[in-house]
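Examination of the molecular architecture
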Amino acid sequence: MEPLDFLRCAYDSVERTLGEILRHDYGPERSLEFYNECVARLACIKDKIFETHTLNDQDIAGILGELNRVSDIISLIERSHLGEFSWPFADQIRRIATSLFAEVDLEGELRRPIVHIIAEKRTYQIVPDAKARYSGSQPIIIVSFPRSMKHHVLLHSVFGHELGHIASNHAKASVAALQSKGPLSSMSALTSWFSEAEGLVNSTQTPLFDDSTKNLWVTELFCDLFGLLLFGPGFIAAYKAYLRPSRSNPYYVDHKKPTHPPYAVRHRMLIQAAHLLKWNLPAISSSETNFAAAERSFIHYIIGDNYSPLASVFTDEQIQTAIAGIRKLLCDHATAAYTPISGPTLGLLVRNLSHSLPPISAGIDPDGEPRLDVTPVSHILHAGWVYWIGRDNFPSPMDFFHTNRLCDQALLQNDAIR
């Protein structure tokens, strides 16, 4: 078989696979959009294979690479059946990503990405499109939920960090603020900081620091801050619950691939930001004894730490400048950033959970009329964490799984109300 024969055979196989994906249910109006984009990409590849009479080995290898990328994308949709993740939360991620990451094409038209959500492996991640720029095509962003955590929506706000990786390209001022001074301002400053912190890291080898390491650390910290501003205090709770158990030493730096700053540095920055935003102050009236006590437990959980002063690498001014830049980005794209929840509303949502009801503010007025208020997703997650962390203040507290299921039900009801 000649290389061109194999290429044509591979094309036919991918085309057949694409024709099979619509037999499954992937959510309202999602399959067709994804299918049409893949059809358009294959049409461009087909033109190159069958309409061009002279293809050398280099041409064939390049086209095969394009075909493999389309094949990889098609294979992903088979891992995104409804039921593999919380689709109400997935829709929220889709709305945010579609708004934030629209692109202007060469013709000056706004192209909104196709946000495709899958369940796999163990990690939360977002993979931007690495496609060739086919004429008129839409970018595809792959959002990956850990399959084993599909019911745990309280942890899903960790996705705010992953969205930050794409947002960092649109928030240069915020990224610059984080490296304007201090340990991340230069390689010499980072090396000096590490020499002071080396005893805490408890490593026998100095990490292989270079400029790319510094830039990676800045990006990771920006993403943490972005997630906080997107999902609010619930992000810190999810972040701490999800990441802290895997960091036996919160100061640890991988000496071979020091791509991430120590957990202690990341958490300390989030605490610093929470104080600057005044999110460390209780909202529920102290007269509501059980609910106020639950909120105090929650606040203590998210802002408490006993880390070394060396974990503080930013000034308040740096954090405030970075926050301002992220807020402008979110505002410019009409994205639903977190807004502080009022005490009465937070109390209502936590009260619902204490009675094993979904935490939404919609309800029935005294005269029997339905009150169809839409509750922000971040408020639902915030209330879920307040209940869970402060659950000992309520009789017959639910376990984490059932708390998550009620919050997921709230997201579903919220979508129906919307």
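The preceding data block contains the structure.
Reference entry: report on the structure contained in this document. (Residues numbered from 1 in each chain as written. Predicted model: local features only at pLDDT ≥ 70, side-chain atom pairs only at ≥ 80, totals over all residues. Heavy atoms only, no water.)

Scanning the protein from N- to C-terminus turns up 15 helices and seven strands. Out of the 418 residues belonging to the protein, those deemed buried represent 50%. Taking the contacts inside the protein whose residues are at least 6 apart along the sequence as the reference set, 77% of them involve residues at least 24 apart. Accessible surface, the protein: about 19300 Å² in total, of which carbon and sulfur atoms supply 52%. (Helix = DSSP H or I, 4+ residues; strand = E, 2+ residues; numbered from the N terminus. Buried < 20%, exposed > 50% of the residue type's maximum accessible area, 1.4 Å probe, protein only. Contact = heavy atoms within 4.5 Å. Areas by Shrake-Rupley, 256 points an atom, 1.4 Å probe, with all protein chains shown as cover.)

Before going further, it helps to spend a moment on the packing of aromatic side chains. Summed over all chains, the structure comprises eleven aromatic pairs. Ring centres 6.0 Å apart and planes at 80° place the aromatic pair Y251 and Y307 in the edge-to-face group. Of this pair, Y251 sits in the loop between α9 (233-243) and α10 (263-276) while Y307 sits in the loop between α11 (289-303) and α12 (316-332), and the two are 56 residues apart along the sequence. You'll find Y251 and Y307 in the same group, each marked buried. Members of the aromatic cluster, each reached through a chain of ring pairs, are F235, Y239, Y251, Y263 and Y307. (Phe/Tyr/Trp six-rings, centres within 6.5 Å; stacked < 30°, edge-to-face > 60°.)

Relative to the 16 Å expected for twelve residues at 1.5 Å per residue, helix α13 (residues 343-354) spans 16 Å between its end C-alpha atoms, a close match to the ideal helical length. Residues of α13 that are buried make contact with α11, α14 (377-389) and α15 (400-417). Among the residues trailing α13, S356 stands out with phi positive, at a value near 60°. (Expected span 1.5 Å × (residues − 1).)

Right, let's get into the pairing of strand β5 (residues 140-145). Of all the six residues making up β5, six are buried; the element is thus mostly covered by neighbouring parts of the structure. By the alternation rule, side chains of β5 split into I140, I142 and S144 and I141, V143 and F145, which are all buried. As paired elements, strand β3 (residues 114-119) and β5 share six bridges and run parallel to each other. Following the sheet pairing, H116 is matched in β5 by I142. (Pairing = 2+ DSSP bridges.)

All right, on to the layout of surface pockets then. The space that makes up the largest pocket amounts to roughly 420 Å³. What lines the largest pocket is a set of 17 residues, and nearest its centre among them are T123, Y124, Y242, L243 and R247. Grouping the constituent residues of the lining of the largest pocket by class yields seven nonpolar, five polar and five charged. (1 Å grid on protein atoms, 1.4 Å probe; cavity = no way out; pocket = protein on both sides within 12 Å on 5 of 7 lines; lining within 4 Å. Points joined across faces, edges and corners; volume = space filled by probe spheres on them. Nonpolar A, V, L, I, M, F, W, Y, C, P; charged D, E, K, R; others polar.)

Attention now moves to the pattern of salt bridges. Per the stated rule, a full pass over the model turns up nine salt bridges. A salt bridge links E317 to K181, with the nearest nitrogen and oxygen atoms 3.6 Å apart. Linking E317 in helix α12 with K181 in the loop between α6 (172-178) and α7 (187-201), this pair joins segments that are 136 residues apart in sequence. For R268, the salt bridge is made with D305, and the minimal N-O distance between the two is 2.8 Å. One end of the pair, R268, is in helix α10; the other, D305, is in the loop between α11 and α12, and 37 residues separate them in sequence. Of the residues examined, R268 reaches a relative accessible area of 12% and is grouped as buried. D305 gets classed as partly exposed once you look at its relative accessible area, which sits at 29%. (Salt bridge = Lys/Arg side-chain N within 4 Å of Asp/Glu carboxyl O.)

We now examine α7. Between its first and last C-alpha atoms α7 spans 18 Å; for 15 residues at 1.5 Å apiece the expected length is 21 Å, and the helix comes up short by more than 12%. Every buried residue belonging to α7 is among M187, A189, L190, W193, F194, A197 and V201, and all of these are buried. On its buried face, α7 sits against α8 (211-231) and α10.

At S356, a residue that is not glycine, the phi angle is positive and equals roughly 60°. Its place among the elements puts S356 in the loop between α13 and β6 (363-364).

This brings us to the nonpolar core. Counting 102 residues, the largest nonpolar core has F89, V143, L163, F222, F226, L228 and W385 as the members making the most contacts within it. If one sorts the elements of this core by residue count, α8 sits on top with eleven residues. Among all residues touching F89, those that are not within four sequence positions of it are F145, H156, S157, F159, F231, V377, L381 and L411. If you look at the next biggest cluster of nonpolar residues, it comprises 20 residues, including L42, L67, I118 and I142. (Core = buried A, V, L, I, M, F, W, Y, C linked by side-chain atoms within 4.5 Å.)

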